[in-house]
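Spelled out from the first residue to the last, the chains are:
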Amino acid sequence: QLIYMLPVSLFGMAVAAAELPAMSQARGTTAEVASILRERLDSGLRQIAFLVIPAVAAFVVLGDVIAGALFQSGQFTADDARYVWAILAGAGIGLIATTMGRLYTAAFYAILDTRTPLVFSLIDVTLTLVLGYLFALPLPRLLGIAQRWGAVGLTASAGLSGWLEFSMLRSRLNRRIGRTGVDFSYLAKLWTIASGAAIVGLAIKEASPVANPRLLGLAVIPTFGLSYLALAWWIGVPELDRIRRRVSDRLSHRQAHSS
């Protein structure tokens, strides 16, 4: 849970918190306010997609390396790391929806509507409880697998519920301010480069003679991240430059403030 909630907190909630003041300060006619909200939402969604899609790829392809680097020692074995890998892969199902949903919730707050996200959140919680029970307890028995794999069902069911909440939030807001979302071509581009980076990481994992899980993690995980950034730079993903400028501006502001 600590691992798969990290992208939600680090990317989804951070982008939502950064965009909320700008969306809340939108002024003008109804059409002008809607235009500003659409622009801020689409920009934030593109940032979230750029940051979260590689996290999903890493969870699905390299989850055992991540779990091993963080936890494998003593009684926590390589088999346990692979078990956590399966749980992370299940969490990857709804990771994008969960993080993007945070931004849509912030947009509702910006237009002073707290009731709609609350209602949808209650639906999400209820569905998560129902699906979580079904996926975690009866389903493993029906499939003839060990009960411990029901933990994978918990994260997968939460992901499915997250997609429903995200879809409801987007649909309701789109009816109020117009169409928002990320273009399919942009998502396809990100999935392509994330898959390429994951293949590089997987190749290093399979070819590495290193048995120590922490050393293996130091070899695989940074290479995966650098490969993703390099491919994004090579094909010219604009969010990479925007994030770089934002980080540079913040560092400059901190230096000026400290001096």
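In what follows, the accompanying structure is described. (Residues numbered from 1 in each chain as written. Predicted model: local features only at pLDDT ≥ 70, side-chain atom pairs only at ≥ 80, totals over all residues. Heavy atoms only, no water.)

1. So, the nonpolar core
Judged by nonpolar contacts, the single largest core of 57 residues is most densely connected at Met23, Leu41, Phe50, Met100 and Leu190. When contributions to this core are tallied by element, the ones reaching two or more residues are helix H1 (2–24), helix H2 (30–71), helix H3 (78–92), helix H4 (95–110), helix H7 (150–177), helix H8 (184–207) and helix H9 (213–235). Per element, the largest residue contribution to this core is 18 residues, and it comes from H2. Apart from the residues within four sequence positions on either side, leucine 190 is in contact with Ala49, Phe50, Ile53, Tyr228 and Val237. (Core = buried A, V, L, I, M, F, W, Y, C linked by side-chain atoms within 4.5 Å. Buried < 20%, exposed > 50% of the residue type's maximum accessible area, 1.4 Å probe, protein only. Helix = DSSP H or I, 4+ residues; strand = E, 2+ residues; numbered from the N terminus. Contact = heavy atoms within 4.5 Å.)

2. Some words on the packing of aromatic side chains
Under the defined criterion, the tally for this structure stands at five aromatic pairs. A ring pair is formed by phenylalanine 71 and phenylalanine 76, whose centres lie 5.8 Å apart and whose planes are at 50°; its orientation type is tilted. Measuring from centroid to centroid gives 5.7 Å for tryptophan 163 and phenylalanine 166, while their planes differ by 80°, and the two rings are edge-to-face. Placement of both tryptophan 163 and phenylalanine 166 in helix H7 is noted, with a separation of three residues, approximately one turn of the helix. (Phe/Tyr/Trp six-rings, centres within 6.5 Å; stacked < 30°, edge-to-face > 60°.)

3. Description of the pattern of salt bridges
A complete count under the given rule lists five salt bridges for this structure. The salt bridge partner of glutamate 19 is arginine 40, with a shortest N-O separation of 2.7 Å. Of the two residues, glutamate 19 is situated in helix H1 and arginine 40 in helix H2; the sequence distance between them amounts to 21 residues. Here arginine 40 falls in the partly exposed class, since its relative accessible area comes to 28%. (Salt bridge = Lys/Arg side-chain N within 4 Å of Asp/Glu carboxyl O.)

4. Some words on a nonpolar patch on the surface
Taken together, Leu139, Leu142, Leu143, Ile145 and Trp149 make up a surface patch of nonpolar side chains, about 490 Å² in accessible area. Relative to the assigned elements, leucine 139 resides in helix H6 (residues 138–143). (Patch = residues over 30% accessible without salt bridge, like charges linked within 9 Å, V, L, I, M, F, W, Y side chains within 5 Å. Areas by Shrake-Rupley, 256 points an atom, 1.4 Å probe, with all protein chains shown as cover.)

5. Let's talk about H3
Between the first and last C-alpha of H3 there are 21 Å, a value that for 15 residues agrees with the 21 Å anticipated at 1.5 Å per step. The set of residues buried in H3 consists of Ala81, Tyr83, Val84, Ile87, Leu88, Gly90, Ala91 and Gly92. Among the structural elements, H1, H2, H4 and H7 are those in contact with the buried residues of H3. Between the side-chain oxygen at the start of H3 and the backbone nitrogen of aspartate 79 there is a gap of 3.3 Å, and the oxygen is on threonine 77. (Expected span 1.5 Å × (residues − 1). Polar contact = N/O pair within 3.5 Å; in protein donor to acceptor, adjacent residues only side chain to side chain.)

6. Some remarks on the environment of isoleucine 111
Looking at where isoleucine 111 falls in the secondary structure, it is placed in the loop between H4 and helix H5 (115–136). Judged by its relative accessible area of 24%, isoleucine 111 is partly exposed. Separated by 66 residues in the primary sequence, isoleucine 111 and leucine 45 have C-alpha atoms spaced 18 Å apart. The contact partners of isoleucine 111, leaving out residues within four places of it in the chain, are Leu37, Leu173 and Arg176.

7. Focus: unusual backbone geometry
With a phi close to 65°, leucine 112 is a non-glycine residue in the positive phi region. Note on placement: leucine 112 falls in the loop between H4 and H5.

8. Some thoughts on H2
Over its 42 residues, H2 runs only 52 Å from end to end, short of the ideal 62 Å by more than 12%, given 1.5 Å per residue. The sharpest bend along H2 measures roughly 90° and falls at leucine 62. (Bend = angle between axes of the 7 residues up to and from the residue.)

9. Focus: the packing of H2 against H3
One way to put it is that H2 packs onto H3 with a least axis distance of 8 Å and a crossing angle of 155°. By the criterion of interaxial angle, the relationship of H2 to H3 is roughly antiparallel. The chirality of how H2 crosses H3 is right-handed. Between H2 and H3, the residues in contact are Val56, Phe59, Val60, Val61, Leu62, Gly63, Asp64, Ala67 and Gly68 and Ala81, Arg82, Val84, Trp85, Leu88, Ala89 and Gly92, respectively. (Axes fitted to C-alpha atoms, helices over the stretch in contact; angles between N-to-C directions. Parallel < 35°, antiparallel > 145°, perpendicular 65-115°, else oblique. Left-handed = near helix turned anticlockwise from the far one by under 90°.)

10. Some details on the packing of H4 against H7
Helix packing for two helices is described by the angle between their axes and how far apart those axes are. With their axes 9 Å apart at the nearest point, H4 and H7 run at an angle of 35° to one another. Between H4 and H7 the crossing geometry is left-handed. From H4, Ala97, Met100, Gly101, Tyr104, Thr105, Ala107 and Phe108 reach across to H7, where they touch Gly162, Trp163, Phe166, Leu169, Arg170, Arg172, Leu173 and Arg176.

11. Some details on the side chain of aspartate 124
Turning to its location among the elements, aspartate 124 is positioned in helix H5. Buried within the structure, aspartate 124 lacks any salt-bridge partner; its nearest side chain of opposite charge belongs to arginine 102, at an N-O separation of 6.7 Å. Leaving out residues up to four positions away in the same chain, aspartate 124 has contacts with Ser161, Gly162 and Glu165. (Lys, Arg positive; Asp, Glu negative; His and termini not counted.)

Function cannot be inferred from these measures alone, as they are strictly geometric.
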